Amino acid sequence: MGKKLVMAQKRGETRALCLGVAMVVCAVITYYILGTTVLPLYQKSVWTQESTCHLIETNIRDQEELEGKKVPQYPCLWVNVSAVGKWAVLYHTEDTRDQNQQCSYIPVSLDNYQMARADVEKVRANFLEQKIFYCFSTTRENETSVLYQRLYGPQALLFSLFWPTFLLTGGLLIIAMVKLNRSLSILAAQR
């Protein structure tokens, strides 16, 4: 009976040790992936200064000529604000600014024009209702744009690192418990 118990205990310890090592390896791989994708975006983000924006005007543009360029076939919200003591264009996120610098807000659903127009009008109504709000600006001198919401802020980085840290901690705890169990069983066998 004693030998069967020791063999079953050894198999359980081996499985638990494999689980702990697998968790640690998965956490290391996830850290590597996050370090090559999310971390550079966080470091590249220059929108670090939180400011108070005062709404100057909002405008919905459909297919106007803007600086010699045609706006795409979706409604476009243009928002001008006063931030950090100067006039600026408000963009929803970093990606909005990269997609189309002539639009402050691009609707999520571009398939149906009427739904996209209703979405833009809803966002415009929210801005008109709340004329003073927080925004993110850069410390660059000649920058004339601000962000309403940061995609690559510290909260996003911490949220991305939470689960791999949890996985790494759990894996290390399992490995430590298996090693502790082995050392205790060896001490008990010696007595």
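Up top is the structure.
So, a few notes on the structure that sits alongside this text. (Residues numbered from 1 in each chain as written. Predicted model: local features only at pLDDT ≥ 70, side-chain atom pairs only at ≥ 80, totals over all residues. Heavy atoms only, no water.)

Side note on the pattern of salt bridges
Side-chain pairs of opposite charge can arise where the charged atoms are in close proximity. So the rule is basically this: The salt bridge criterion pairs a side-chain nitrogen of Lys or Arg with a carboxyl oxygen of Asp or Glu, the two atoms within 4 Å. Elements are defined by DSSP. Helices are runs of H or I of four residues or more, strands are runs of E of two residues or more, and each kind is numbered from the N terminus. Only protein chains enter the accessibility calculation, which uses a 1.4 Å probe; a residue is then buried when its area is under 20% of its type maximum, exposed when over 50%, and partly exposed in between.
Tallied over the entire structure, the rule returns two salt bridges. Arginine 182 is the salt-bridge partner of glutamate 13, the closest N and O atoms lying 3.1 Å from each other. Residue glutamate 13 is found in helix 1 (residues 2-44), and its partner arginine 182 is found in helix 4 (residues 154-190); the two are separated by 169 residues along the sequence. Under the relative-accessibility criterion, glutamate 13 is labelled buried at 10%. By relative accessible area, arginine 182 is classed as partly exposed at 27%. A salt bridge links arginine 117 to glutamate 121, with the nearest nitrogen and oxygen atoms 2.9 Å apart. Remark: glutamate 121 and arginine 117 occur in helix 3 (residues 113-129); sequence separation between them is four residues, near one turn of the helix. The exposure class assigned to arginine 117 is partly exposed, which follows from its relative accessible area of 23%.

Some details on the state of the cysteines
The term disulfide refers to a covalent linkage connecting the sulfur atoms of a pair of cysteines. We count it as follows: We call a pair of cysteine sulfur atoms a disulfide whenever their separation is within 2.5 Å.
Evaluation of the coordinates by the stated rule reveals one disulfide. Disulfide pairing is shown between cysteine 53 and cysteine 135; the S-S distance is 1.8 Å. Around the S-S axis, the bridge from cysteine 53 to cysteine 135 shows a dihedral of about 75 degrees and counts as right-handed. With a gap of 82 residues between them, cysteine 53 in strand 1 (residues 49-61) and cysteine 135 in strand 6 (residues 132-137) connect regions that are remote in the sequence. On the basis of relative accessibility, which here comes to 0%, the residue cysteine 135 falls in the buried class.

Some points on the packing of aromatic side chains
Basically, it comes down to this: Stacked, tilted and edge-to-face pairs are distinguished by plane angle, under 30 degrees for stacked and over 60 for edge-to-face with tilted covering the rest, among Phe, Tyr and Trp rings (Trp via its six-membered ring) whose centres lie within 6.5 Å. The rule for a charge over a ring is simple: NZ of Lys or CZ of Arg within 6 Å of the ring centre, and within 35 degrees of the ring normal.
All chains considered together, the criterion is met by six aromatic pairs. Look at phenylalanine 127 and tyrosine 148: their rings are 5.6 Å apart centre to centre, the planes differ by 80 degrees, and that puts the pair in the edge-to-face class. Highlighted residues: phenylalanine 127 in helix 3 and tyrosine 148 in the loop between strand 7 (145-147) and helix 4, separated in sequence by 21 residues. Residue classification places phenylalanine 127 among the buried residues on the basis of a relative accessible area of 10%. Given the relative accessible area of 34%, tyrosine 148 is considered partly exposed. Geometrically, the ring pair formed by phenylalanine 162 and tryptophan 163 is edge-to-face, given 5.0 Å between the ring centres and 75 degrees between the ring planes. Its relative accessible area of 44% is what places phenylalanine 162 among the partly exposed residues. Tryptophan 163 sits in the exposed class, given a relative accessible area of 52%. Site record: aromatic cluster; members linked through ring pairs are Phe127, Phe133 and Tyr148. Geometry around phenylalanine 136 places arginine 150 over its ring, the cationic atom sitting 5.9 Å from the centre.

Some points on the layout of surface pockets
Empty space among the atoms can be located by rolling a probe the size of a water molecule over them. Our working definition: Cavities and pockets were defined on a 1 Å grid built over protein atoms only: a cavity is a set of grid points that admits a 1.4 Å probe from which the probe cannot escape, a pocket is an open set flanked by protein on both sides within 12 Å along at least five of seven lines, and lining residues are those with an atom within 4 Å of any such point. Grid points are joined across faces, edges and corners, and a volume is the space filled by probe spheres set on the points. Residues were grouped as follows: Ala, Val, Leu, Ile, Met, Phe, Trp, Tyr, Cys and Pro as nonpolar; Asp, Glu, Lys and Arg as charged; and all remaining residues, including Gly, as polar.
What the largest pocket holds in volume is close to 240 Å³. The wall of the largest pocket is formed by Leu41, Lys44, Ser45, Val46, Trp47, Glu94, Asp95, Arg97, Asp98, Arg140 and Tyr152. Among the elements of the structure, helix 1 and helix 2 (94-99) are those that each provide at least two residues to the lining of the largest pocket. Here the lining of the largest pocket gets four residues from one element, more than from any other, and that element is helix 2. Classifying every residue of the lining of the largest pocket by side-chain character gives four nonpolar, one polar and six charged.

These figures come from the coordinates and say nothing about function on their own.
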